[in-house]
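Survey of secondary and tertiary structure
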Amino acid sequence: MVLSDKRQMSQKERHFDLAAYLQERQTLVEAALDRSLPVIYPEKIYEAMRYSLLAGGKRLRPILCLATCELIGGTIEMAMPTACALEMIHTMSLIHDDLPAMDNDDYRRGKLTNHKVYGEDIAILAGDGLLAYAFEHVAIETKDVPYDRLLRIVAILGRAVGAAGLVGGQVVDLESEGKTEVCLETLNFIHNHKTAALLEASVTSGSILAGVSDADLQRLTHYAQHIGLAFQIVDDVLDITATQEELGKTAGKDLRAQKATYPSVWGLEESKQQAQVLVQKAKAELAGFGDRAKPLIAIADFITARTH
Ligand code: GRG
């Protein structure tokens, strides 16, 4: 074998096909979500919950949960109920975020928002139903995991959702609306809570299910915090640069609402650079895991490369 063949071969071996990986994981997650929530009486609420839960989306949170569980030596089966619960929580937060009392959006994931189809009353209840069901689903459906780990998962999910997580971030976001001067500290608080908290819970819960050590958990937590903030910076950039078709929701909303965003503080180019720096820091946290961390490394790169 000549040197160039060898070089090509080792490049091939090193290559990780993220698109194929994401496609395969999305299919598994979609099927599990579909099975998780059958329609029973009263049908209307189950249909409303399923409408948003099965409306597509990247399924990034469940995929991260499955990936970290496997990284630490666990199985997809162990993590799937938690992965589904993370998507139920994420979906309920989107339903409530889209309500007229919050962001007042008509489109989400390329479809009419839940309240546009079912009305505000049912949309609120569909969100509440999904939130409660997420915890029930983890508790009832998780198999082959010691109870002490399961209890930690319940605590992690509760913290990520409540005032120390999504709810707290949303409150400060609402308070900051219309204010011309929002400092970087406040902006970071909002997004560390609204966006990064659930991504962190996705990464840590998967690894805890598999019995992660304290040292590895710390590395994975740092990885998640970095990609969480990078994800939001890119989200703010895409709100300016992407189309409604690409986003599946109204584009340019932040500018019109005069919302403080990373591009409004740093400008577009600096925001893109800051996101890159965070992704590099995230990947550096994975150095000790070797080749097993390839999916998490590729997902970190995907965060800055994504177009929706
Ligand atoms: C959690 C009890 C409770 C209430 C909700 C409304 C609210 C409190 C919080 C807002 C949370 C929120 C909407 C954060 C934005 C997070 C974000 C970046 C969403 C977009 O995530 P993607 O791009 O979406 O992963 P897809 O559709 O691909 O899943």
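Residues numbered from 1 in each chain as written. Predicted model: local features only at pLDDT ≥ 70, side-chain atom pairs only at ≥ 80, totals over all residues. Heavy atoms only, no water.

1. Digging into the confidence of the model for the chain
- Summarising the model, the chain shows a mean pLDDT of 92, and 95% of its residues fall at 70 or more.
- Of the regions scoring below 50 in pLDDT, residues 1–10 engages in two contacts with residues more than four places distant in sequence or in other chains. (pLDDT = per-residue confidence, 0-100. Contact = heavy atoms within 4.5 Å.)

2. Observations concerning the pattern of salt bridges
- What the rule picks out here adds up to 15 salt bridges.
- Arg 25 is the salt-bridge partner of Glu 70, the closest N and O atoms lying 2.7 Å from each other. Of the two residues, Glu 70 sits in helix H4 (residues 60–71) while Arg 25 sits in helix H2 (residues 18–36), which places them 45 residues apart along the sequence.
- Given a relative accessible area of 32%, Glu 70 falls into the partly exposed group.
- One salt bridge in this structure joins Glu 30 and Arg 59, with 2.7 Å as the shortest N-O distance. Placement of Glu 30 in helix H2 and of Arg 59 in the loop between helix H3 (43–53) and H4 is noted, with a sequence separation of 29 residues between them.
- Under the relative-accessibility criterion, Arg 59 is labelled buried at 1%.
- Three or more residues joined by partner-sharing salt bridges are found here, namely Glu 30, Arg 59, Glu 87 and Arg 109. (Salt bridge = Lys/Arg side-chain N within 4 Å of Asp/Glu carboxyl O. Helix = DSSP H or I, 4+ residues; strand = E, 2+ residues; numbered from the N terminus. Buried < 20%, exposed > 50% of the residue type's maximum accessible area, 1.4 Å probe, protein only.)

3. Topic: the nonpolar core
- Ranked by size, the top nonpolar core spans 85 residues in total, and within it Leu 64, Met 80, Leu 130, Leu 220, Tyr 223, Leu 296 and Ile 299 carry the most contacts.
- In this structure, Leu 64 is in contact with Leu 199, Ser 202, Val 203, Tyr 223, Ile 227, Leu 296 and Ile 299, ignoring residues within four places of it in sequence. (Core = buried A, V, L, I, M, F, W, Y, C linked by side-chain atoms within 4.5 Å.)

4. What about helix H7 (residues 120–141)?
- With 22 residues, H7 should cover 32 Å at 1.5 Å per step; its first-to-last C-alpha distance of 31 Å lies within 8% of that length.
- Of all the positions in H7, only Ile 122, Ala 123, Ala 126, Gly 127, Leu 130, Tyr 133, Ala 134, His 137 and Val 138 are classed as buried.
- Lining the buried residues of H7 we find H2, H3, helix H5 (76–97), helix H6 (114–118) and helix H8 (147–161). (Expected span 1.5 Å × (residues − 1).)

5. Section: the site of the ligand
- Taken together, 18 residues surround the ligand, and among them Lys 58, Arg 61, His 90, Arg 109 and Gln 170 come closest.
- Between an oxygen atom of the ligand and a side-chain N or O atom of Arg 109, the distance comes to 2.8 Å.
- When the free accessible area of the ligand is taken as 750 Å², the share hidden by the protein chains comes to 90%.
- At the level of secondary structure, the elements contributing two or more residues to the shell around the ligand comprise H5, helix H9 (166–176), helix H10 (184–209) and helix H11 (214–241).
- The biggest single contributor to the shell around the ligand is H5, with five residues.
- In the shell around the ligand, the residues fall into six nonpolar, six polar and six charged. (Near = heavy atom within 4 Å. Polar contact = N/O pair within 3.5 Å; in protein donor to acceptor, adjacent residues only side chain to side chain. Areas by Shrake-Rupley, 256 points an atom, 1.4 Å probe, with all protein chains shown as cover. Nonpolar A, V, L, I, M, F, W, Y, C, P; charged D, E, K, R; others polar.)

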